[in-house]
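# Reading the structure
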Amino acid sequence: MIETWNLGKTFRSPPWPLSLAGRRSVRPVRALVGLSLRVERGEIFGLLGPNGAGKTTLLKVLATLLLPSEGGARVQGADVVREAAAVRRLVALATGDERAFYWRLSGRENLEFFAGLRGFARHAARRRAEAVLGIVDLLSHADEVVGRYSTGMRQRLSIARALLADPPVLLLDEPTRSLDPVAAGRVQAMIKRLSEAEQRTVLIATHQLGEAAAICHRIGILVAGTLRGVVAPGAVGEDGVRQRYHTLLEVQDDRHQPVAGLP
Amino acid sequence: MTAINQLRAFLKRDYLLASYSRLAFAWQVFTVVLVAPTLYYLGRLIRPAASPHLVPYGGDYFAFVILGVALFGLLAAVMAAAAAAVRQEQMIGTLEVLMSSPVSLPTLAAGLSLWNILLTAGQTVLYLLLGVVVFGIDLARVNFVSVAVVLVLGMATFAAMGIFAAAFVLLYKHPDPITSMFAGLSALLGGVFYPPSVLPPVLRTLAEFIPLTHALRAIRLAVLEGYGLGALRREVLILLLFSAVLLPLAAYLFRWAVQYTKQSGTLGAY
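Chains are numbered independently. Their residues run from 1 in the order of the written sequence. Whichever chain is written first becomes A and whichever ligand is written first becomes 1, with later ones labelled in order. Only residues with pLDDT of at least 70 get local features here, since the model is predicted, and only at 80 or more are side-chain atom pairs given and counted; chain-wide, interface and lining totals rely on the full set of residues.

### Brief notes about the sheet that holds strand E5 (residues 78–79) of chain A
Residue and element names in this part refer to chain A. A pair of strands counts as paired when DSSP detects no fewer than two bridges linking them. Secondary structure elements follow DSSP: runs of H or I no shorter than four residues count as helices, runs of E no shorter than two count as strands, and numbering proceeds from the N terminus. Across the sheet, 4 strands lie side by side as E2-E1-E4-E5; this open sheet has antiparallel pairing. The open sheet has two free edges, formed respectively by strand E2 (29–39) and E5, since each of these has just one partner strand. As judged from the 2 bridges shared by strand E4 (residues 70–75) and E5, these two strands associate in the antiparallel manner. For valine 75, the partnering residue across the bridge sits in E5 and is alanine 78.

Right, here's the structure in full:
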């Protein structure tokens, strides 16, 4: 289960001397604003929104890679700030970042390494890597170096990595972004299976309205860092989701307005 | 057990990555094979009578300098390993995924450094083997307990400097200047190639504030003259003080740097 309350994230310019690392100061940007959300066990919850809506920011806060500026969040009851170590054992994040692998190692070697980081002993890591490679249909390419993988294969490898430790909560950032329709359909079916058969909670960020409507129980429409509404595709259908999404997109983006108390 | 599995995973990964560039490994061996005889022939220039500064260490310049070079190499590697590894993970884009794994920060710092430290430790052993087997250094008087204690304290002190450097890399996304500056200063003042007693008084005083000075002095006396911990208590206490002060400070700064990058959203930036 995932719960957030009044969650906010503002990116500010670093103070001196840390500002020496950047090129110039920028205005504060509010990536998330007062976001309150509850995703139940076994639910697939979609985050739908345009670029810069705050979808990845929310996933990273839940994966403990970002600290919230206001409010808070819990995963399976563990606080993402105060109990970050516990949260990291409960969640797995699959990003669309292709660079997040060791390109000179094979898919299998990568997965065995990350299984080791999850605490698996040598043989258990090997067995687990084999199992998740099978789930994402990459067994026949397991011993090729990741540098030779296609973008879609790396995407599937990223999902395989997220499944290594069998976490109760999966955070998927655009999991089908670079996949062809057949491969995307397979990944979507796999996500549904993980939720339905294994009661995993899945939070999935996507730009693709059709995908969200096809696999999510509920969809949160995120615009300019705020949760503008939640729709249930089961009740309104894809057209209903589309209509609601476009209506909510019209609301003005005011994130670049001055932040109270900041220059 | 989990930490052991995590460290093993880091070691296997680094072994596999290193096996793709065997040339680098061969170069490390070649360097030792090249440097050791150079130091030996340089040592033949300097006779005990010509250098009273070497008398406390038994008078043999080759034994003095090869111990200095070997230990300095090891401590410098301990210092540079974590920062270099953090920078590499930043550049290839894997730092965020490592940080989202359930690995504690001390295990992460150790795991990132371990392979390079072990490789350099192998180089250190090779220096000593060549020194003993080929060039006849007399190690009959080694006090192993003193060597072990001084090594642990020296490595702890240099690891602390390395963690400072890793924090710098996290914050500034830039190869750190701390390790090269500190290594350069240590080589100049710490007695790698000559005893600090040859330095002018001002530099000699400065050398006392460099951990390497005490680590090298203690190791040489323990290896070449068989000094026990009692005779080395001054050096041991100074190294203990350095590590007791620097390690917690470095751990605090590294933890703060991680939290800061999570706050500013720059953990994955490079």
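### A few points about the environment of glutamate 235 of chain B
Residues and elements named next belong to chain B. On the secondary structure map, glutamate 235 appears in helix H10 (residues 233–264). On a C-alpha basis, the gap between glutamate 235 and threonine 205 in space is 15 Å, while along the polypeptide they are 30 residues apart. It is the C-beta atoms, placed from the backbone, that decide contacts: two residues are in contact if theirs lie within 7 Å. If we skip the residues at most four places from it in the chain, glutamate 235 touches His214, Arg217 and Ala218.

### Details of the packing of helix H6 (residues 144–172) of chain B against H10 of chain B
Each pair of packed helices can be described by the angle between their axes along with the distance between the axes. All names here are of chain B. Whenever a helix is involved, its axis is fitted only over the stretch in contact; in every case the axis is a line through C-alpha atoms, and angles between N-to-C directions fall within 0 to 180 degrees. At a minimum axis distance of 8 Å, the contact between H6 and H10 shows a crossing angle of 25°. Looking at the two axes, H6 sits roughly parallel to H10. Helix-helix and strand crossings are classified by hand; for H6 and H10 the assignment is left-handed. All amino acids are sorted into three groups, where Ala, Val, Leu, Ile, Met, Phe, Trp, Tyr, Cys and Pro are nonpolar, Asp, Glu, Lys and Arg are charged, and the leftover types, Gly among them, are polar. Counted by class, the contact of H6 with H10 contains 25 nonpolar, 4 polar and no charged residues. Throughout this description, any angle smaller than 35 degrees is read as roughly parallel, any larger than 145 degrees as roughly antiparallel, any in the 65 to 115 degree range as roughly perpendicular, and the remainder as oblique. Left-handed describes a crossing in which the near helix is turned anticlockwise from the far one by less than a right angle; the clockwise case is right-handed.

### A few points about the sheet that holds strand E3 (residues 44–48) of chain A
Residues and elements named next belong to chain A. Read from one edge of the open sheet, 6 strands run E6-E7-E8-E3-E9-E10, paired in mixed fashion. On the outer flanks of this sheet lie strand E6 (91–94) and strand E10 (226–231), each paired with one strand and no other. Recorded for the sheet is a direction-independent mean angle of 20° between the axes of neighbouring strands. Here 4 bridges tie E3 to strand E9 (residues 218–223), and the two strands are oriented parallel to one another. Within E9, the position partnered with phenylalanine 45 by the bridge is arginine 218. Against the sheet, helix H1 (residues 55–62) touches E3, E6, strand E7 (169–173), strand E8 (201–206) and E9, its axis set at about 150° to E8. Each of E3, E7 and E8 is contacted by helix H6 (residues 181–198), which is oriented at about 155° to E8, the strand it contacts most.

### Focus on the nonpolar core
Most often, soluble globular proteins have nonpolar side chains that are buried together. Think of a nonpolar core as buried Ala, Val, Leu, Ile, Met, Phe, Trp, Tyr and Cys residues, each tied to the set through C-beta atoms within 7 Å. Any residue surrounded by 20 or more other C-beta atoms within 10 Å of its C-beta is treated as buried, while 12 or fewer makes it exposed and the intermediate range makes it partly exposed; C-beta atoms here are placed from the backbone. Formed by 165 residues in total, the largest nonpolar core has its most connected members in Leu62 of chain A together with Leu75 and Ala166 of chain B. Counting residues per element, this core draws most heavily on helix H3 (residues 61–92) of chain B, which supplies 24 residues.

### Details of the environment of proline 168 of chain A
All names here are of chain A. Examined against the element boundaries, proline 168 turns out to sit in the loop between helix H5 (151–163) and E7. It is 24 Å that separates the C-alpha atoms of proline 168 and leucine 139, two residues lying 29 residues apart in sequence. Those residues in contact with proline 168 that sit more than four places away from it in its chain are Gln76, Leu90, Arg200 and Thr201.

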